[in-house]
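Structural characterization, general
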Amino acid sequence: MTLTRTALPAKDQARREHLVAHFTAQCAKLAPVSDELMKTVQSEASERMAKAVTHTKSEFAGVRTGRATPALVEKLPVEYYGSTMPLQQLAGFSVPEARMLFITPFDKGSMPAIEKALQNSNLGLNPSNDGITVRLAFPPLTEERRKEFVKLVKAKAEDGRTAVRSARRDARKDLEALEKDGDISSDDMHRAEAELDRTTKQFEAEIDDALNIKTVELLEG
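1. Section: the environment of Ala167
Relative to the helices and strands, Ala167 resides in helix α3 (residues 143-180). The residues contacting Ala167, other than those within four sequence positions of it, are Ala45, Arg48 and Met49.

The structure is reproduced here in structure tokens:
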């Protein structure tokens, strides 16, 4: 027995084609929407991770080696005329030799405030001045001090990695919520998680590289 398919009346056939076309168009829209949602989550996570790396590197810069570097003091808060501002807004810097930093105030009247800020910092350096420039001499670090600083930067590096992983964890929660609500598929979820893990490893590696460089500076400086 052969079954034959009854042709639909022209009116019904046209409606069916319209519905199929509408459904196809809606499906076509879903993929870009889900992609955009995932990209938004991944972008926000990546931005947080990048900020964590930047902050970690700035923390490394604040740990002194035996070498002179403006990065060590440029963000040092200085109380001047009732306001607190970073030293880099009050002075220029130069390094005439490996263990000497010159700080030249834009306004000579700020010199006492700058010296006070340096003395009250935890840098362990004694500033001197010639009436124009504040000088900071960087004595060689003792072996014990070097080891202490290496421990310190390793702790700061771990804080940075923790911040990166926190961004990954929050992003994963957002993705799980999108999957639960049906905004992304299971396959989308797996793809997004894989990309998130790659991004996390990339930023963790950047912290590790910065840590290695700083450690070498501390042990050799």
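2. Details of the confidence of the model for the protein
In low-pLDDT regions, the fine details of the predicted coordinates are not to be read closely. On average, residues of the protein score 86 in pLDDT, and 85% of them reach the 70 mark or higher. When mean pLDDT is compared element by element in the protein, strand β4 (residues 100-105) scores highest at 95, while helix α1 (residues 10-61) scores lowest at 75.

3. Quick notes on helix α2 (residues 111-120)
Among the residues of α2, those classed as buried are Met111, Ala113, Ile114, Glu115, Ala117 and Leu118. Looking at the buried side of α2, the elements it contacts are β1 (77-80), β3 (91-97), β4, β5 (128-129) and β6 (134-137).

4. Examining unusual backbone geometry
The residue Tyr81 is not glycine, and still its phi comes out positive at about 55°. When its relative accessible area of 73% is taken as the criterion, Tyr81 is described as exposed.

5. Some thoughts on the sheet that holds β5
Pairing in this open sheet of four strands is antiparallel, and the strands run β3-β4-β6-β5 from one edge to the other. The sheet is open, and its two borders are formed by β3 and β5, each paired with just one other strand. The pairing of β4 with β6 spans four bridges and is antiparallel. Bridge pairing links Phe102 to Arg135 in β6. Together, β3, β4, β5 and β6 form the strand contacts of α2, whose direction differs from that of β6 by roughly 20°.

6. Quick word on the nonpolar core
Within the largest apolar cluster, 27 residues are counted, with the highest numbers of intra-cluster contacts made by Met49, Leu175 and Leu218. For this core, the elements supplying multiple residues, two or more each, are α1, α3 and α4 (186-220). Considering each element in turn, this core owes the most residues, nine residues, to α3. Discounting residues that sit within four places of it in the chain, Leu218 has contacts with Val63, Arg64, Thr65, Leu141, Arg146, Phe149, Val150 and Val153.

7. Some points on the packing of aromatic side chains
Taken as a whole and assessed by the stated rule, the structure comprises one aromatic pair. On the basis of an interplanar angle of 55° and a centroid distance of 4.5 Å, the ring pair of Tyr80 and Tyr81 is categorised as tilted. Assessed through its relative accessible area of 11%, Tyr80 is described here as buried.

8. Brief notes about the pairing of β3
Here five bridges tie β3 to β4, and the two strands are oriented antiparallel to one another. Considered in β4, the bridge of Ala91 is made with Pro105. Connecting the antiparallel pair β3 and β4 is a turn made up of two residues.

9. Topic: the environment of Lys57
Checked against the element boundaries, Lys57 lands in helix α1. Note: C-alpha distance between Lys57 and Lys156 (99 residues apart in sequence) is 9.1 Å. Setting aside residues no more than four positions away along its own chain, Lys57 makes contact with Glu206 and Ala210.

10. Re the pattern of salt bridges
Opposite charge on two side chains lets them pair, provided their charged atoms get close. For the structure on display, the rule yields 17 salt bridges. In this structure, Arg48 engages Asp170 in a salt bridge whose closest nitrogen and oxygen atoms are separated by 2.8 Å. Here Arg48 is found in helix α1, whereas its partner Asp170 is found in helix α3, with 122 residues between them in sequence. A relative accessible area of 39% places Arg48 in the partly exposed class. Here Lys156 makes a salt bridge to Glu59, at a shortest N to O gap of 2.8 Å. Of the two residues, Lys156 is situated in helix α3 and Glu59 in helix α1; the sequence distance between them amounts to 97 residues. Connected through salt bridges with shared partners, the residues Glu158, Arg161, Arg165, Glu204 and Asp208 form a single ionic network.

How each quantity is defined
Residues numbered from 1 in each chain as written. Predicted model: local features only at pLDDT ≥ 70, side-chain atom pairs only at ≥ 80, totals over all residues. Heavy atoms only, no water. Helix = DSSP H or I, 4+ residues; strand = E, 2+ residues; numbered from the N terminus. Contact = heavy atoms within 4.5 Å. pLDDT = per-residue confidence, 0-100. Buried < 20%, exposed > 50% of the residue type's maximum accessible area, 1.4 Å probe, protein only. Pairing = 2+ DSSP bridges. Axes fitted to C-alpha atoms, helices over the stretch in contact; angles between N-to-C directions. Core = buried A, V, L, I, M, F, W, Y, C linked by side-chain atoms within 4.5 Å. Phe/Tyr/Trp six-rings, centres within 6.5 Å; stacked < 30°, edge-to-face > 60°. Salt bridge = Lys/Arg side-chain N within 4 Å of Asp/Glu carboxyl O.

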